[in-house]
2 protein chains.
Amino acid sequence: MPARKSLEELQCSVANTAELVGDQWTVLILRDAFLGIKRFDDFQRDLGIARNVLADRLARLVQAGILDTRPYQDRPPRHEYLLTEKGKDLLDVLVAFRRWGDKWNAPDDRFIRPLRHLECGEIMEGVMCCNHCGQPLDHRNVRVEPSLAPVSR
Amino acid sequence: MPARKSLEELQCSVANTAELVGDQWTVLILRDAFLGIKRFDDFQRDLGIARNVLADRLARLVQAGILDTRPYQDRPPRHEYLLTEKGKDLLDVLVAFRRWGDKWNAPDDRFIRPLRHLECGEIMEGVMCCNHCGQPLDHRNVRVEPSLAPVSR
């Protein structure tokens, strides 16, 4: 039987991302951040999350460079949480979660909040496309090529 | 202080998806399934995962309708695990994980396995686009509209 590998050894950026966003509260905090929520009490009120859990998840997101803090009040000192470029770049992940969830796992149609693309003005869904030809990807037309270094497979 | 809400009460398909794929072993199993791995021992060998953990994650994926089982041997009875349509539809999520992870969190360039789009033949990255106009999405040009029903915000 092969030795058990740690997740880090698997050297996989898919798993690395899952590690960061693979926590439900984290995903809900990120959703709220994309909706414009910035302050601890506003996250807390919106999510009804325990304050210690919220503080823990915000600290992890700051440590991962996904959120950054900015002071907005001196006495008492208070700061708000803003998405960094690295954080804003998670939009694709959240849109992909949402599209799949709405299609296969939606709790109730009435709770779906439509997305509007401000560039074309339409209500839309995100679709993952090839950055070369612009066509939508499909499991039948994507092939994973060998890596440049020998890996454990 | 508002009552703590359960994640289910938050009625959010983003969080529902995170619940399903927000486990690192699950994501690695899905990655392997997209790479064509089907059998228990092959998943086990590739991931070096403990057999009880693998059995648990596979059972959850079958229960969620993401993998389906198909017998391939009678004596002793053995079955393999295949992605369902619901499972294949997670390609966008894995491509989004991967793109973000490669960009912001890649362990080592040598371990990145390029993706080829068989339709245009190019090595590519996935990019999330609007299904109406085909343009790439960006946090500045996506707006979340109110849901049809009153929600808790």
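Residues numbered from 1 in each chain as written. Chains lettered and ligands numbered in written order. Predicted model: local features only at pLDDT ≥ 70, side-chain atom pairs only at ≥ 80, totals over all residues.

> Looking at this structure, I do not really get the overall build of chain A. What am I missing?
Scanning chain A from terminus to terminus reveals 6 helices and 6 strands. When its helices and strands are written in sequence order, chain A yields α-α-α-α-β-β-α-α-β-β-β-β. Looking at chain A residue by residue over its 153 residues, the buried ones come to 35%. Considering only residue pairs separated by 6 or more positions, chain A has 38% of its internal contacts joining residues 24 or more positions apart. (Helix = DSSP H or I, 4+ residues; strand = E, 2+ residues; numbered from the N terminus. Buried ≥ 20, exposed ≤ 12 C-beta atoms within 10 Å, placed from the backbone. Contact = placed C-beta atoms within 7 Å.)

> Explain the sheet that holds strand β6 (residues 142-144) of chain A to me, please; I cannot follow it from the model alone.
Paired through backbone hydrogen bonds, the strands of a sheet run either parallel or antiparallel to each other. Taken in spatial order, the 3 strands make up an open sheet running β6(A)-β3(B)-β4(B), and their pairing is antiparallel. A single partner strand is all that each edge strand has here, and the edge strands are β6 of chain A together with β4 (123-124) of chain B. Alignment of strand β3 (residues 115-117) of chain B against β4 of chain B, held across 2 bridges, turns out to be antiparallel. Bridged to L115 of chain B within β4 of chain B is M124 of chain B. (Pairing = 2+ DSSP bridges.)

> It is not clear to me how the environment of Y72 of chain A should be interpreted in this structure. Could you clarify?
Mapped onto the elements of the fold, Y72 of chain A is located in strand β1 (residues 67-73). Excluding its chain neighbours within four sequence positions, the residues that come into contact with Y72 of chain A are R78, H79 and E80 of chain A.

> Help me understand the sheet that holds strand β4 (residues 123-124) of chain A in this model?
Pairing is antiparallel in the open sheet, where 3 strands are placed in the order β4(A)-β3(A)-β6(B). The open sheet has two free edges, formed respectively by β4 of chain A together with β6 (142-144) of chain B, since each of these has just one partner strand.

> What exactly am I supposed to notice about the environment of K38 of chain A here?
Residues and elements named next belong to chain A. As for its placement among the helices and strands, K38 is situated in the loop between α2 (24-34) and α3 (40-47). In sequence terms K38 and C129 are 91 residues apart; their C-alpha atoms lie 31 Å from each other. Ignoring any residue separated from it by four or fewer positions in sequence, one finds K38 in contact with E80, Y81 and L82.

> Would you mind going over the packing of α2 of chain A against helix α4 (residues 51-63) of chain A with me for this structure?
Each pair of packed helices can be described by the angle between their axes along with the distance between the axes. Residue and element names in this part refer to chain A. Where α2 meets α4, the closest approach of the two axes is 10 Å, and the angle between their N-to-C directions is 75°. Viewed along their axes, α2 and α4 adopt a mutual orientation that is roughly perpendicular. Note on element contacts: α4 touches α2 through V53, R57, L58 and L61, opposite W25, T26 and I29. Classifying every residue of the contact of α2 with α4 gives 5 nonpolar, 1 polar and 1 charged. (Axes fitted to C-alpha atoms, helices over the stretch in contact; angles between N-to-C directions. Parallel < 35°, antiparallel > 145°, perpendicular 65-115°, else oblique. Nonpolar A, V, L, I, M, F, W, Y, C, P; charged D, E, K, R; others polar.)

> How should I be thinking about helix α6 (residues 91-104) of chain B in this particular structure?
Since the α-helix packs 3.6 residues into each turn, any two residues three or four apart lie on the same face. With 14 residues, α6 of chain B should reach 20 Å at 1.5 Å per residue; the first-to-last C-alpha distance of 20 Å fits that figure. Among the 14 residues of α6 of chain B, 13 are classified as buried, and the element is accordingly described as predominantly covered. (Expected span 1.5 Å × (residues − 1).)

> I'm lost on the packing of helix α1 (residues 13-21) of chain A against α6 of chain B in this one. Help?
In the contact formed by α1 of chain A and α6 of chain B, the axes pass within 7 Å of each other and the chain directions differ by 95°. Classified by the angle between their axes, α1 of chain A and α6 of chain B sit roughly perpendicular to one another. Contacts from S13, V14, N16, T17 and A18 of chain A of α1 of chain A reach α6 of chain B at L94, F97, R98, W100, G101 and D102 of chain B. For the contact of α1 of chain A with α6 of chain B, a count of residues per class yields 5 nonpolar, 4 polar and 2 charged.

> Looking at this structure, I do not really get the pairing of β1 of chain A. What am I missing?
On any regular strand, side chains alternate: one points to one face of the sheet, the next to the other face. All names here are of chain A. The pairing of β1 with strand β2 (residues 78-83) spans 6 bridges and is classified as antiparallel. Residue pairing across strands places Q73 opposite R78, the latter belonging to β2. Counting the residues between successive antiparallel strands, the hairpin from β1 to β2 contains 4 residues.

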